[in-house]
Amino acid sequence: MAAVLQDQGPNFTFRIQEVEIPTLKPREVLVKLEATGFCGTDLSLAYGYLGSCNSILGHEGIGRIVATGSDCASKAAVEGQRVGIGWIRDACGSCRVCISAAGGETRCITQVFSGRDIPGTLASFAVVPERYITPLPDDVPSELLAPVMCAGVTAYKALKVANSTPGSWIALSGAAGGVGLLGLQYAKAMGYRTIAIDGGERRGGICLDAGAEIYLDYEKEKDLRSAILRETGGTLCSAVIVCAGAASAYESALHCLDYFGTLVAVGIPPPTSKVSFHPLTLIDYGVKVIGSITGDRVDILEAAEFVRRGLVKPKVIGIGLNELSQYSRRVNELDGKLVVRLEN
Ligand SMILES: [Zn+2]
Ligand SMILES: [Zn+2]
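Residues numbered from 1 in each chain as written. Chains lettered and ligands numbered in written order. Predicted model: local features only at pLDDT ≥ 70, side-chain atom pairs only at ≥ 80, totals over all residues. Heavy atoms only, no water.

Going by the annotation in an unreviewed UniProt entry, the name recorded for the chain is alcohol dehydrogenase, with Talaromyces rugulosus given as the source organism. Under the UniProt heading Cofactor (unreviewed entry), the note attached to the chain is "Zn(2+)". Taken verbatim from the UniProt record of the chain, the Sequence similarities (unreviewed entry) comment is "Belongs to the zinc-containing alcohol dehydrogenase family." (UniProt positions renumbered as here; feature names shortened; annotations may be inferred.)

*Asks:* Before we go on, may I ask you to explain the overall build of the chain in this structure?
*Replies:* Along the backbone of the chain there are 11 helices and 17 strands. For a compact globule of 344 residues, the expected C-alpha radius of gyration is about 20 Å, and the chain comes in at 20 Å, within 12% of that figure. In terms of overall dimensions, the chain has C-alpha extents of about 60 × 40 × 40 Å along its principal axes. Residues counted as buried form 54% of the 344 residues belonging to the chain. When contacts within the chain are restricted to residue pairs at least 6 apart in sequence, long-range pairs at least 24 apart make up 68% of them. By element, 52% of the accessible surface of the chain is carried by carbon and sulfur atoms, the whole surface being about 15400 Å². Looking at the chain, you have 33 positive and 36 negative side-chain charges, and the mean spots of the two groups are 2 Å apart. (Helix = DSSP H or I, 4+ residues; strand = E, 2+ residues; numbered from the N terminus. Rg over C-alpha atoms; globule rule 2.2 N^0.38 Å. Buried < 20%, exposed > 50% of the residue type's maximum accessible area, 1.4 Å probe, protein only. Contact = heavy atoms within 4.5 Å. Areas by Shrake-Rupley, 256 points an atom, 1.4 Å probe, with all protein chains shown as cover. Lys, Arg positive; Asp, Glu negative; His and termini not counted. Charge placed at Lys NZ, Arg CZ, Asp CG, Glu CD.)

*Asks:* Would you take a moment to explain the coordination of the zinc ion (ligand 2) for this structure?
*Replies:* Ideal geometry at a metal centre: 109.5 degrees between donors when four sit tetrahedrally, and 90 or 180 degrees when six sit octahedrally. Protein-derived ligands of the zinc ion (ligand 2) are Cys39 (SG), His59 (NE2) and Cys150 (SG), with the metal-ligand distances lying across 2.0 to 2.2 Å. Mapping the donors of the zinc ion (ligand 2) onto the primary sequence yields the spacing C-x19-H-x90-C. Here His59, found in the loop between α1 (40–47) and β4 (61–68), pairs with Cys150, found in the loop between α3 (142–145) and α4 (151–162); they are 91 residues apart in sequence, far enough to count as distant. When sorted by exposure, His59 lands in the same class as Cys150, which is buried. (Donors = N, O, S within 2.8 Å, 3.2 Å for Na, K, Ca; no water.)

Dropping the structure here:
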């Protein structure tokens with residue numbers, strides 16, 4: 001079965017139908033999926049905001065290998081191996097970007113994205129190249145691992161990129177979203193003190209439930225910098241992870257950083273957005289601005305380990321495939337991660 005996108009654009013729907021089981025090339029494996037998350041990127045793809053996409057979306061899949069191609073030889077390419085399928089479905093491993101830095105594969109020049117370039121994980125089966133298998137531990141429920149594959153690892157990687165000192169204050173802007181809520185949990189588990197920034201009382205409740213020490217409502221606080229100094233007793237942030245997709249969130253985040261702090265860019269404002277700041281904001285404080293994308297396979301394994309140990313527990317809203325049309329439009333307003341069960 002698969003959820004097949006119909007009418008990409010404002011009136012999209014999903015048709016649940018049987019699809020053929022994909023055939024394998026010699027160095028590919030077939031994964032039978034148990035669960036997959038549905039994230040904000042999937043919604044943007046369905047609406048057509050990100051250009052053309054595959055008719056089968058999805059990039060937070062968890063399942064097991066059920067068949068291997070004739071030339072597969074790696075240790076992970078064995079039937080029964082539990083695997084995850086994230087946004088990046090393949091990387092060449094040999095281009096300048098892949099080999100230039102740890103995690104370079106997340107920006108591989110020829111990278112292939114799940115649900116955009118090839119069929120995604122909203123289906124019973126998916127094909128993975130042997131060289132890009134992501135093995136996962138067995139002893140964690142699939143619905144808890146699925147959110148790690150995109151939102152979770154994106155949050156975790158952003159915190160790694162921030163490279164802050166444990167015990168320091170880290171703010172997450174846009175904290176009540178899918179990445180932000182998991183980011184609050186990861187930040188706490190990694191030893192940071194957390195400030196959630198978002199708008200409205202309801203979102204504040206969600207952030208505090210997720211473990212935020214402080215919640216700041218940007219609709220009420222005219223000056224977030226002063227609010228942080230007030231709430232922390234005089235300390236600014238070692239890092240601000242901007243998960244919100246608004247230029248204003250970036251501009252205010254720069255003023256919340258302590259000396260030598262780091263702004264980590266994750267949220268994506270509309271294509272025409274511009275962020276404006278005076279260079280002295282960077283120069284005087286010696287702050288850094290750095291972009292973070294999803295994580296590589298090592299980041300996924302590390303992020304999954306936090307879930308396996310119970311230190312991070314994604315709040316999940318589990319649905320069946322036939323409920324996807326109904327829930328998918330609200331994915332950015334739900335109080336938990338939308339996870340589709342693919343097994344009967
Ligand atoms: Zn590459
Ligand atoms: Zn995603």
